Amino acid sequence: MDKFIEIIFSVSFGYAVLRVTTPLLFASMGALISDKAGVINIALEGIMLIAALTGVIVSAFTQSAFLGLMAAVLAGSLTGAAMAYASLNLKTDIILSGVAVNLIGAGGTVFALYLVAHDKGISSSLRSLVLPKVALPIISQIPVISDIFSGHNILTYVAILSVVLVYILVYKTPVGLQIRAVGENSHAADSVGVSVIKIKYTALILSGAFAGFAGAYMSMGYVSWFSKNMTVGRGFIALAAEAMGGGTPLGTTIACFVFGAAEALSNSLQSLRVPTEFVQMIPYVVTVVGLALYSSRKASQIKKHLRNRG
Amino acid sequence: MAELLEMKNITKVYPNGIVANYKVDFSLKEGEIHAVVGENGAGKSTLMKILFGMHTPEEGEIFLREEKIDILSSSKAIEKGIGMVHQHFMLVPSLTVAENIVLGAEPKKSIFFDKEEAIRITEELSSKYNFKIDPRSLVKDIPVGLKQKVEILKALLRGAKILILDEPTAVLTPQETGELFKELRVLKDKGHTIIFISHKLKEVKALCDRLTVMRNGRNVGVHNVSDVTEEDISRLMVGRDVILTVEKGKPNPKETLLQVKNISQRNQFGQWMLNNASFSLKAGEILGVAGVEGNGQRELVELLTGLLPLTKGEITIKGNIINNYSIKEIRELKVSHIPSDRMTYGIAEKMSIENNLFTDKYDTEPYSKKGILNIKHIKKRSQEQVKEYKIKCNSPLQEVKMLSGGNIQKVVVAREFSSDPQLLIADQPTRGIDVGSTEFIRKKIVQLRDQDTGVLLISADLNEVMELSDRLIVLYNGEIVAYFNDVEKLTEEELGLYMLGLKKQDDELIRGAVHEK
Amino acid sequence: MKSKRINFEWIRTTVVILIALIFTLILILLVSKEPANALKEFLIGPIDSMRHIGNVIELMIPLTFTGLAVSLMFSAEQFNLAAEGAFFAGAIGAAAIALTTDLPNIIHPIVAILGGGLIGSLITGIPGYLKVKWNASELVSSLMFNYIAFFMGIYVINNFFRDPNAGAMVSHKLPQSVLLMNLIPRTRIHLGLIIAVIFIFACYYFIYRTKWGYELRVTGQNSKFAEYSGINTLKVILFAQLLGGFVAGVGGATQLLGMYTRFSWQSLPNLGWDGIIVAILARNNPVYVPLAALFLAYLRIGADIMARMSDVQNEVVYLIQGIIIVLVVAERFLAKYRHKWVFKEAKSGISEAEGE
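Novice: I would appreciate a short explanation of the interface of chain C and chain A in the present structure.
Specialist: Where interface size is quoted, it is often the accessible area lost as the parts come together. With 46 residues of chain C at the interface, the matching set in chain A holds 43 residues. Summing both partners gives a buried area of about 3900 Å² for chain C against chain A, and 83% of it is carried by carbon and sulfur. The largest contributions to the chain C side of the interface with chain A come from Met-144, Tyr-147 and Phe-151 of chain C, which together make up 16% of the buried area. Counting across the chain C and chain A interface gives one salt bridge. The salt bridge partner of Glu-315 of chain C is Lys-120 of chain A, with a shortest N-O separation of 3.3 Å. Seen at the junction of chain C and chain A, the total is five residue pairs in polar contact (both at pLDDT 80 or more). Elements that contribute at least two residues to the side of chain C that touches chain A include exactly helix 1 (2-31), helix 5 (107-134), helix 6 (138-161), helix 11 (271-281) and helix 13 (316-329) of chain C. Per element, the largest residue contribution to the side of chain C that touches chain A is 14 residues, and it comes from helix 6 of chain C. Class assignment of the residues belonging to the side of chain C that touches chain A gives a composition of 34 nonpolar, eight polar and four charged.

Quick look at the structure:
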């Protein structure tokens, strides 16, 4: 038990939390934007994989980590656009489109990996690059704080920044206003000349772009290679975090950190002879419990509302 | 005064074959408040939706200031200076008033949404027209009356000179209605032209300059409001064109089936939709509930069938107090229900006719035994019912959604009538369907009555309630305002006066709706 | 009329499959140095030997189970995606029962399989319960349960049933009494095939011939109408998910007892996800599930053989699956033709009716 507390309050644990929360933050912002526009994007998982591999391949061939990142984000956006086409133009159910993208992401990346790296498990034969780590200017001077907050991969800071950006986009810009209107009452938006299709396309493309960042971080930051199914459900957890966070950027961020902490804990606890599988299960259980609590609170609010009415 | 807008020879036929408008002419003078009155289904809303570009007519032309215009979409209508406030508000609840008003035409400060500017625009607009509204409050938190103002301001911001209001007072309290009228007069003084759709004659008298009366898809007269009395209007509105008569003998009432005691119910806006209503119904009689839609009928039906839980009063069916009964438990008392919204509550459109014919009795013998469906019986019965109810289809295996409206309703009726109901709640049983099906369904209702079923017939169709009912109550504003023991002596004009709230009986007479013990 | 509509769906599905195959052909031409050989192995491989035919049938068995499971849940309009976890958990449950009980020959597998089914229904049932109780999205929580089932299962095997003498992380050997009999020599086709056939008929019978199945269909088609008719839709929603998990769990148990002698899975087998495609192709109708499962199994085995015999990787099959899902579900795809078809039907319907 002492050891347990020691882990939680250690500096390296704080650092690890930020490190594992980064992809969740990106992906959950993707979940948030599409959810705000009234489309549920369960393909975040698949898009992350596609982007992660794209980043590795492009950075290996161009020897530019930045180009790799751009390519990853572009791949994510394009996948988002393809989903939008399927669901809005061809009228494929959005959930099943998501299932399809996840399948293509899981299988297609392995297929492509073999073509370029001649390995079906890992991309280590490719000389791919990682994005740089950054020492924060003033903060890196402060002891303890510096060890937790400084020296992360650049994308970790971008992720935190992206929460702010998403907040501004959704709540402070005309497009954000239209996104929220479309998601809540598309007839209302339509009746004043807002193009519902255009807004949903925008949301899905942005959602894909964020998943693209998440994927790039996985293969060019979190680790320095691509491996088969390396996201292990992070896209789904991001979806749950968004649901648990009540669809607000702040709530979603908090939920992400809860999951991130659970994951970091599971990584640390593995050294403690706590059964690893049990520990690995923590984030998923936390998600379900969180979701249940959130829903039950919402359900009781609705009931109360109805009772006041009667 | 010159005609501002003219609609000429408008004919609209819906895909299901209903003729909603037939050679309708309609004209507006600049700066007037023009009422369009008529019963439900008279074609008022259709005509206005054509004007606002939501429907395209099969025939007819529209002229604005003597220039022919085509209105193919709502944005086109907005462009031409026509705005519409719908019955169901087109608002985004979690956005503020100001955000809703500027949506689609947002003010910007560099790339950002300029919230302050939106608030300023809203304040400027609302003070110009004397609307009291807080631009910062969330739409979901404000009362219905204010929501309506937001809708009106939205139209005004987009430059609407002609404003269509579709039954705007249906959701308002009397105080809110008063306020709305004040504001509409301000709009009129500022040169706007207003179309006011309503069936509340007092309001029309109080507010409007001219009125167009619609009946059965046709324009049956344009008058200056000052030239006609409320009684005149009501006569024009409810006059019958074709009288469908149903042969029926004297009723032979038996034991009391249904007793409703002092029930009240509020709607989602907190308005009392039903107020202390009491009546009773015996086996072997038809009790009609007349009234213009939206006067408490829907709540009454939902309470009786268990779709809504009852909070105030008491309902007894065959001696059982059903206040806390589930839908199933009520149905097990041999209660059948023809819902007014048949596509939502009456059928599963993608299932076959056959599968739609036994949803209420699938778990009783002989339809199923120990959980196993008796396919042979189901097939046999569905074929019989298709024949008996003259459902026009290729086979009972056809999907219900492929049928016409009248035939879909026959499927519902066939199902509900074939479970030997002791109590039938028929809610608008023939609305919007063809004459043949209508006549057929009405005959079946009488037939059921003669077999000792108690029938509660809710209908906004005067013809229907007058022809079928043995006894009749009238709902207005959630209250029973009249009771008639002998429908044959009743004239439609008189009934119209009660339905439109122009007359009310003494409590003593109304109490007759409850059978004496 | 109904039969002609179904005809149209057949045509549409065939067109989709053709498009997917053409796409595969193009892909093979692009990436392979020996496209003719690759394509031959892909298309003919699965039927070029008894062993390969056996492989197809062996794979068809679990796909049939998960396809049925998803069909049941989708019929009630429940987007529960935990068939994957339920399948895995079913195998874990069967392994646990097999290793902890000592029962006679025929009884042993029956108990293990039913036990696996019950564990499976727990995995899909909890998201179902959360939905019914608090309206929590079954979609999100069922996705989580796939992982919970996985880690929980690995934990159970590792800590209670692991064979320390085996090199890999596998369970003890399952007792002979619990294993499912092989049906056809020179293949691994096992008794599970018979069980699958029984389940196809049972599911069909359940959905189309029992009152519970009827409740489920009506609720799935229009839940408001179901409520109006007196059906307890909450009960139906929960029940459909419990049942779906049960069938998936039975599938997992059958797969373990028929194909393996130890529990040895190190990752989720993905067969539950494949069940979604099977259900979509079969339009949620149990009778078409084996056909769809056969098709998918054929693709999979074809791709595997191609990967072994040529330079094209078997993951190509995931791309085909993705395309098939999107196009089969796409309402607008070929909608113009369907509309023409329906319109013609409606017109002839009217004239016939008027002729009466």
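Novice: What should I look at first to understand the pairing of strand 11 (residues 210-215) of chain B in this one?
Specialist: The side chains of a regular strand alternate between the sheet's two faces. Residue and element names in this part refer to chain B. Of all six residues that make up strand 11, six are buried, and the element is covered over most of its length. Of the two faces of strand 11, the one holding Arg-210, Thr-212 and Met-214 and the one holding Leu-211, Val-213 and Arg-215 are both buried throughout. Sheet analysis places strand 3 (residues 33-37) next to strand 11, joined by four bridges and oriented parallel. Directly across from Val-37, in strand 11, lies its bridge partner Val-213. Connecting strand 11 to the next strand, strand 12 (residues 218-224), in antiparallel fashion are two residues, including Asn-216 with a positive phi near 55 degrees.

Novice: I tried to follow the pattern of salt bridges on my own but got confused; where do I start?
Specialist: When charged atoms on two side chains of opposite charge get close, those side chains can pair. Residues and elements named next belong to chain B. Per the stated rule, a full pass over the model turns up 40 salt bridges over all chains. Arg-471 is paired through a salt bridge with Glu-285; the nearest N and O atoms lie 2.8 Å apart. Linking Arg-471 in strand 23 (residues 471-476) with Glu-285 in the loop between strand 14 (272-282) and strand 15 (286-290), this pair joins segments that are 186 residues apart in sequence. Residues Arg-471 and Glu-285 agree in their burial class; the two are buried. Residues Glu-302 and Arg-298 are paired through a salt bridge, measuring 3.4 Å at the closest nitrogen-oxygen approach. Here the residue Glu-302 and the residue Arg-298 both occupy positions in helix 9 (residues 297-305), the gap between them amounting to four residues, near one helical turn. Note on Glu-302: relative accessible area 16%, which makes it buried. The network of salt bridges with shared partners includes Arg-331, Asp-360, Lys-361, Arg-415 and Glu-416.

Novice: What exactly am I supposed to notice about the interface of chain B and chain A here?
Specialist: Contacts between the two partners involve 21 residues from chain B, matched on the other side by 18 residues from chain A. Between chain B and chain A, the buried area comes to about 1800 Å², and carbon and sulfur atoms account for 63% of it. Sorting the residues of chain B by area buried against chain A places Met-90, Leu-103 and Phe-113 of chain B first, and these three jointly supply 25% of that buried surface. The interface formed by chain B and chain A contains one salt bridge. A salt bridge links Arg-180 of chain A to Glu-99 of chain B; the shortest N-O distance between them is 3.9 Å. At the junction of chain B with chain A, the criterion picks out four residue pairs in polar contact (both at pLDDT 80 or more). Across the side of chain B that touches chain A, the residue classes tally to 11 nonpolar, four polar and six charged.

Novice: Looking at this structure, I do not really get the packing of aromatic side chains. What am I missing?
Specialist: Per the stated rule, a full pass over the model turns up 28 aromatic pairs over all chains. Between Tyr-167 of chain A and Tyr-171 of chain A the ring centres are 5.2 Å apart and the planes differ by 35 degrees, which places this aromatic pair in the tilted class. One end of the pair, Tyr-167 of chain A, and the other, Tyr-171 of chain A, are both in helix 7 (residues 154-172), four residues apart, so they sit about a helical turn from each other. Of the residues examined, Tyr-167 of chain A reaches a relative accessible area of 38% and is grouped as partly exposed. By relative accessible area, which is 22% here, Tyr-171 of chain A ends up partly exposed. Residues Phe-88 of chain C and Phe-150 of chain C carry aromatic rings whose centres are separated by 5.3 Å and whose planes lie at 55 degrees to one another, so their mutual orientation is tilted. Here Phe-88 of chain C, found in helix 4 (residues 83-100), pairs with Phe-150 of chain C, found in helix 6; they are 62 residues apart in sequence, far enough to count as distant. You'll find Phe-88 of chain C and Phe-150 of chain C in the same group, each marked buried. An aromatic cluster is built from Phe-236 and Tyr-284 of chain A together with Phe-87, Phe-88, Tyr-147, Phe-150, Phe-151, Tyr-260, Phe-263, Trp-265 and Trp-273 of chain C, whose rings are joined through pairwise contacts.

Novice: I'm lost on the packing of helix 3 (residues 44-62) of chain A against helix 4 (residues 65-89) of chain A in this one. Help?
Specialist: A packed helix pair is summarised by two numbers, namely the angle formed by the two axes and the spacing between the axes. Residue and element names in this part refer to chain A. Close contact between helix 3 and helix 4 brings their axes to 7 Å; oriented N to C, the two are set at 145 degrees. Crossing handedness for the pair helix 3 and helix 4: right-handed. Contacts between helix 3 and helix 4 involve Ile-47, Ile-50, Ala-51, Thr-54, Gly-55, Val-58, Ser-59 and Thr-62 from the first element and Ala-65, Leu-67, Gly-68, Ala-71, Ala-72, Ala-75, Gly-76, Thr-79, Gly-80 and Met-83 from the second.

Novice: Is there a simple way to think about the domain arrangement of chain B in this case?
Specialist: All names here are of chain B. Partitioning chain B into structural domains gives domain 1 (3-238), domain 2 (244-334 + 422-517) and domain 3 (348-419). Each of domain 1 and domain 2 was reduced to a C-alpha centroid, and the two centroids are 33 Å apart. Carbon and sulfur atoms supply 62% of the area that domain 1 and domain 2 bury against each other, a total of about 1400 Å² over both sides. At the junction of domain 1 with domain 2, the criterion picks out zero salt bridges. Taken together, the connections running from domain 1 to domain 2 amount to one residue pair in polar contact (both at pLDDT 80 or more). Elements supplying a minimum of two residues to the side of domain 1 that touches domain 2: helix 7 (201-207) and helix 8 (230-238). If one sorts the elements of the side of domain 1 that touches domain 2 by residue count, helix 8 sits on top with six residues. For the side of domain 1 that touches domain 2, the class distribution of residues is eight nonpolar, four polar and five charged.

Novice: Which parts of the structure should I look at to understand the sheet that holds strand 14 of chain B?
Specialist: Across a sheet, paired strands are connected by hydrogen bonds in the backbone, their directions being either parallel or antiparallel. Residues and elements named next belong to chain B. Taken together, the four strands give an open sheet; going across it, the order is 14-13-16-17, and neighbouring strands pair in antiparallel fashion. Since the sheet does not close on itself, it has two edges, and those belong to strand 14 and strand 17 (320-321), each with one partner. Both strand 13 (residues 256-266) and strand 16 (residues 312-317) contribute to a ladder of five bridges, which runs antiparallel. Its bridge partner lying in strand 16, Gln-259 is registered against Thr-316. Together, strand 13, strand 14 and strand 16 form the strand contacts of helix 9, whose direction differs from that of strand 13 by roughly 125 degrees.

Definitions and limits used
- Residues numbered from 1 in each chain as written.
- Chains lettered and ligands numbered in written order.
- Predicted model: local features only at pLDDT ≥ 70, side-chain atom pairs only at ≥ 80, totals over all residues.
- Heavy atoms only, no water.
- Contact = heavy atoms within 4.5 Å.
- Buried area = accessible area lost by both parts, 1.4 Å probe.
- Salt bridge = Lys/Arg side-chain N within 4 Å of Asp/Glu carboxyl O.
- Polar contact = N/O pair within 3.5 Å; in protein donor to acceptor, adjacent residues only side chain to side chain.
- Helix = DSSP H or I, 4+ residues; strand = E, 2+ residues; numbered from the N terminus.
- Nonpolar A, V, L, I, M, F, W, Y, C, P; charged D, E, K, R; others polar.
- Buried < 20%, exposed > 50% of the residue type's maximum accessible area, 1.4 Å probe, protein only.
- Pairing = 2+ DSSP bridges.
- Phe/Tyr/Trp six-rings, centres within 6.5 Å; stacked < 30°, edge-to-face > 60°.
- Axes fitted to C-alpha atoms, helices over the stretch in contact; angles between N-to-C directions.
- Left-handed = near helix turned anticlockwise from the far one by under 90°.
- Domains from an automatic or database assignment.

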